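Descriptive structure summary
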Amino acid sequence: MDVLSRKEIFVNKLNTIDRQPSLGNICLVPFSEDRELVVTASTGGVLLVWEGRDGQLVSNIETEEACTTFVGLKSSPVLITGTSSGYLCAFDLTKPKEPKLILTKRFHKESITQLATDVYSQVLISFGNDCNLCIMDTRMTSQLNILCTISLHSMIRDVSVYTPSYKETLHIALLGENDVITFQFNPVWAEGDLTIYYSDPSTLQLNLQKSNYLISKVTTVLSGMCIAGPSLLYGVGTVSGELVQLVLSDVEGVEEGEEVHKCFQIKGRYPGHLLTGAKLDEVGNSCTVVSPNLEWVATVYRDGRVLLRRVLEPDAVCLEFVVAHYSRDNIQAIVFSDNCLNLYCLSKWGGGLSCVKLEGSGTLVGRQKAQAALGNKKMRDNAVRSLREKEISFLQTQNGIGEVSYRENTSLTAKYVIMSGLGLNTDTDTWLDVCNREKEEKEKVIYTQQREELMKGLDELRDTVLKMIEGNKFLPEIEQLDRVDFVLDVDRQREMKLKQEESVKAKEREIHLSNLAKLFLTEQLKDTCWETMAVSGKNVYSFNGKVGVANYPLNKIDEKGRKARQAAMERLEIVKECIDAREDLDGDIGADVFKKQISRIQQKIEDEDDDKEVETGTDENATKEEIDPESIEGRRAEKRGGTALPSQFNSRSLLSCRDLVLILHQSVYKVKEFFNQEFDDVLKTKQLEVARTNERCLRIRQVIQDLKTKHGIEINTKSQTLAMHVLEEPGSLLEVKDSEVKIEKYETDTERQQRTESERIEEERRMTEMGDKWRERGLGMMMGGKLEIDTEDELFKELVDPEFLDNPALATDPELQARKQEWQLHLDQVKEEREKHRRALEAELSKLEQSIVEGCQRVDDKIQQLYRSKISADKVVYQEEIKIFTLLAAEMFAQELLKQEEFILKLLEQSREHKLVANERVNEIQECLDNYTESYASSQIDDKNLDRNFKKEHSDMEPHVEALYKLFRKRPRVQKRPVAAGVADDVTLSVFPRAAQSTIQGLKETSEELDAYSNAPEGVDEDGWERLVVARRQKIESEQKLKKQALDLAEIQAYHQELVKDDEHAQSETDTINIELDRLRGVKNRLYFNIQVQLLVKQGQVEVENGSYFLTDHSTSILIFKQTIDELNKQVKLLGREKLERMRQNMDFKRGIHLLEWEHRKFRMQAEDLQKKAKEIQTLKLTKEMQTRMQDSDAVKGNNKADMDLLERTLEYKKKAQDSRLASLDAQLSELNREIMKRRGNNDGLEGDLQEAAVAEAERSRLVERERPDPQELTKKRVRGVMLRRRMLDMVKAQSCEISALRSELERLRLKTFPALLQVD
């Protein structure tokens, strides 16, 4: 097995069209032999065409109807897409930047969900939501004509096609919900002509019984499937993530004598993916693909990993790599390149496309496999080359469909192509419907005469039967036949009755099973959501309806969970004891440091109180800020009944994450229980208050009724009975009341009999209880059914005047007058008692209403307090849950590190084994190389000795020694054969190339001519020539042996160098793995010591910008002591004060400058004024009066004194006039006050008259309302009056118009009688 490696060619994470996720499909379109296009799509249906070599986006295709699936063809550069309306669209990608739509056909009535083709693109398979499977010819020259159709009864998740070679039988596999359907399809490959299959629509339906049709049930839910052979399938489990291998085998459990059936059964399950446990609806997160050369099978799962296995050895993973993160960009689809050397991966979110190149181990076997993959691609290219050329030439003659427009995209170089006007109408019939309609029309034309004759015979028979039925009505009753007797086809009638009965039974069975399913579902829901709940979900609402609070529904803790939590709590107690003991000895370093910092901060705060008061101007009694220890622990669950935990700075080192999670879950459970107790108390309070309120409302209705009936007072107060909300008593939802059933109940005969019997028994019981009850009857006859006299009834009995009041002697008889006075006194007492009773009822009514309002307000206040408590509990629960999520994330990360460490250790073990084997082989080859080097050296010495000893041995032939030596050195000519330069990968020392042996054999064959005696020099006898030939042959054999040893030595040295390189590579891999292992262990150590803690920080203490509406990224934030911030703030304030002081000084200085400038300007203006006054004085003309005043100052003073005396006398007169007016106004005010008091007394006296008048007015208004006519009649009368007035006005207008016309006519006639006075010139 070769070890594969990968190399990323490109990773394109850019979604060029929109931010929608990808459609989950990817395909290849071979553009040429060395270039291919990759096509993806977004969920919006926009097609994206990528370059397969560098991942550049070539074009975007948007049509008026989004595509749902697509596939590329190998036989032509065409992309086939399926739409939601059942159309197949063919896009010509001969020019990728300018694609065009060349064909649209509708094959399905609903959306197309699957498109598939084989590796040669011989046929195209489509499947739609109408459960029809169509197999079509892929040639564009045939316009995608249908070869056959298959009607299925269920939906198909995946389609896969396998063919051993070009133009051979196709093996098709369909993946259903829980089964796999396989069959064979063998079209007629006669010169590429398939017209025989779609010439007649009646032959389109494939007979699956004749095509090895198999249905195999699969116990594992598969989300992807591919066929790797006639009897081999692979799929990925949706939940487990395992690679499932299905093999065609015999069905087990077949008895003897029965026919043996075959089906696909699960042979093996091969795990490898992480993050197992996906839901059944997460089908799109996994995929299975087989390479075109049927060598590799690739799987992808929701963990973002791609696993490559060999098809024949699926138990071993040859390559594993991660392309996308499991939580962000899951790999949704993968596809092999046509040469099987590249793997394209499509991510789900963002539509990112990445390419990974698969590389072998670099050995001869790896190179041979790469060459084999390229050879397989060339073989497939050669098979479809002629067809591809024809298709391309045909595409060049085709014009595009619809209107094409281009939209420029400034961020990308690719063109955005928009196609419209394609005519994809949903009302168009499918291709098969059109064919069937044409066939029916042809049959109608052929059989028209026969059809008319049959219809005529049926009409005559129908008329005869109707006449017989009509005549049957007038026959005697004993001779009349039933309507059934007129049925001619009795067998058909019987058959229809049987079918009807069967359909009725089937419907009854279906309804019965549906009811059973609903009952089962009801019981399951009731058991899951109600009966198994320790605390069921409830709500409590305030009476005003503004506030509602829900409790925490709690499940019952099973025994296993209880034991696990109990064990965790016991370990927690042990940890607490260990922490206490350690604190007594040394204490935790981190916690002590933190506590020392806290104490230091508190001490500094206490020491700086005076400075703070001076700087900030606060009061002396300002509260000192204390650090909340709960904010350091990151939780406040203990105040809400939660479990106490040790410090989070040392608990992680002693308690495992699982124990902490269990304890935190227990703490959350206790917090919720604590709140539920408060909730139950409030709910009980509300229930009691509702009961009390209903009792008070009942009493209010009684009081209102008494006031109305006994005192004649009507009160409009509405006392509405309160009731609990349905969510406050959710158990009532499980009870169906008879009033809720709005339809008539259907009763069977048995149920009707049972109901009648129960009613009869109940009636008998009631009649038995209603026997002769003489006690109740006597009580009712004698005392009105009451044992005690009711004082209220006696008080409000009607008082009848005694008879002596009508006696004529009443005025003279003193006894009667005394009795009359007593009767009058009794009447006054009764009226007084009735008035007291009325006031008591009104007081009770107001008190009851006030108590209802106060009770409701009291309950509302408690619910408000409960709402605040719920907010606090939610905070605590969220704090605990954040801790749980943090611990779970840390545990998941630790498990991931553990898995990585196990994988790296496995790789390290394999690398060490490989290194050990390589080292042993190097030592073995080194030993062999040393031995062979010594042998080669000895062979060189022997060869040199043969050359030296030649002249010595032939010294007796002295005159001919040099000539013989030249002949000794002469060699026959042998054709040289090329020798391969490569060295085998797994050869041993006993197997080397035979080039030297073949050379020796050739020399023996060609040296016979050279050894002939005719080549001997003159003077050499035959014996000497034989000695030369023998010596030369020995020399040639020695040389050839030496050459062979040299070649062998070179090969051994090359092989030794290869092994040394392999050993060094294994050592480097081992070192790399050790470095990665050390790095991973370092990460584990950091994860162990660098724990994550949770702190509760007030909102004002967070100085980080909020990047979003809800969450703040604290990844780059740091935690700073508040004292440091206070010191910085203090320095900032001091510097700010200094700056303000400097600014104030500058302002005062500038103000002084401005003041001086203003004074200077003032003095300059005063100087100018004085100069002007001086000029005016100089130019002033003095009169005599002015001169006398200026000269005689005493006269001026005398005049001024006289004026002042006059003014003083005037002022005294004004004061006297004002005082007299004020006195008169005071007298008038006192008179008005007396008048006001008098009027107030009169008004008080009129209050009683006003009340009596109001009562009289109310009585008169009632009388008027009773005697008032109907408002509708008044309205009609008003309408009639309005209409009459309008008519009269119209009549007046018409008459006025007539009068004006008559007047004008009169004037005209008068003018005729006047003489004409002509003016004579």
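In the block above lies the structure referred to throughout.
Residues numbered from 1 in each chain as written. Predicted model: local features only at pLDDT ≥ 70, side-chain atom pairs only at ≥ 80, totals over all residues. Heavy atoms only, no water.

A look at empty space enclosed by the protein
Under the counting rule described, the total for this entry stands at 2 cavities of 30 Å³ or more. The volume enclosed by the largest cavity comes to roughly 60 Å³. Around the largest cavity, the lining comprises 13 residues; the ones closest to its centre are Thr63, Glu65, Cys67, Thr81 and Phe91. (1 Å grid on protein atoms, 1.4 Å probe; cavity = no way out; pocket = protein on both sides within 12 Å on 5 of 7 lines; lining within 4 Å. Points joined across faces, edges and corners; volume = space filled by probe spheres on them.)

Structural notes on the pattern of salt bridges
Applying the stated criterion across every chain, the model contains 41 salt bridges. A salt bridge links Arg437 to Asp429; the nearest nitrogen and oxygen atoms lie 2.8 Å apart. According to the relative accessible area criterion, Arg437 is partly exposed, its value standing at 37%. Asp429 gets classed as partly exposed once you look at its relative accessible area, which sits at 38%. Glu832 is paired through a salt bridge with Lys836; the nearest N and O atoms lie 3.9 Å apart. On the criterion of helical spacing, the pair formed by Glu832 and Lys836 is a turn pair, its members being 4 residues apart in helix H13 (residues 814-953). (Salt bridge = Lys/Arg side-chain N within 4 Å of Asp/Glu carboxyl O. Buried < 20%, exposed > 50% of the residue type's maximum accessible area, 1.4 Å probe, protein only. Helix = DSSP H or I, 4+ residues; strand = E, 2+ residues; numbered from the N terminus.)

Structural notes on the environment of Asp118
Here Asp118 shows up in the loop between strand S10 (112-117) and strand S11 (123-128). The class of Asp118 is buried, set by a relative accessible area of 4%. Distance in space between the C-alpha atoms of Asp118 and Tyr162 is 6.2 Å, their sequence separation being 44 residues. Not counting residues within four places of it along the chain, the set of residues in contact with Asp118 comprises Val123, Val161, Thr163 and Leu170. Engagement of the side chain of Asp118 in a polar contact is seen with the backbone nitrogen of Gln122, the distance being 2.8 Å. One polar contact links the side chain of Asp118 to the main-chain amide nitrogen of Val123, over a distance of 3.4 Å. (Contact = heavy atoms within 4.5 Å. Polar contact = N/O pair within 3.5 Å; in protein donor to acceptor, adjacent residues only side chain to side chain.)

Some details on the sheet that holds strand S25 (residues 317-322)
Ordered by their spatial adjacency, 4 strands build an open sheet running S22-S23-S24-S25, and the pairing between neighbours is antiparallel. Two strands in the sheet have a free side with no partner beyond their single neighbour: strand S22 (287-290) and S25. The average undirected angle you get between the axes of adjacent strands in this sheet is 15°. Judged from the 5 bridges that link them, strand S24 (residues 305-310) and S25 form a sheet pairing that is antiparallel. Directly across from Leu308, in S25, lies its bridge partner Leu319. (Pairing = 2+ DSSP bridges. Axes fitted to C-alpha atoms, helices over the stretch in contact; angles between N-to-C directions.)

Overview of the environment of Leu799
Its location among the elements puts Leu799 in the loop between helix H12 (791-795) and H13. When its relative accessible area of 35% is taken as the criterion, Leu799 is described as partly exposed. C-alpha separation for the pair Leu799 and Val830, spaced 31 residues apart in sequence, amounts to 9.4 Å.

Focus: the sheet that holds strand S6 (residues 67-72)
With antiparallel pairing, the 4 strands of this open sheet are ordered in space as S6-S7-S8-S9. Each edge of the open sheet is held by one strand with a lone partner, namely S6 and strand S9 (100-106). Each adjacent strand pair in this sheet contributes to an overall mean axis angle of 20°, direction not counted. With 5 bridges joining them, S6 and strand S7 (residues 78-83) adopt antiparallel strand pairing. Along S7, the bridge assignment pairs Val71 with Ile80.

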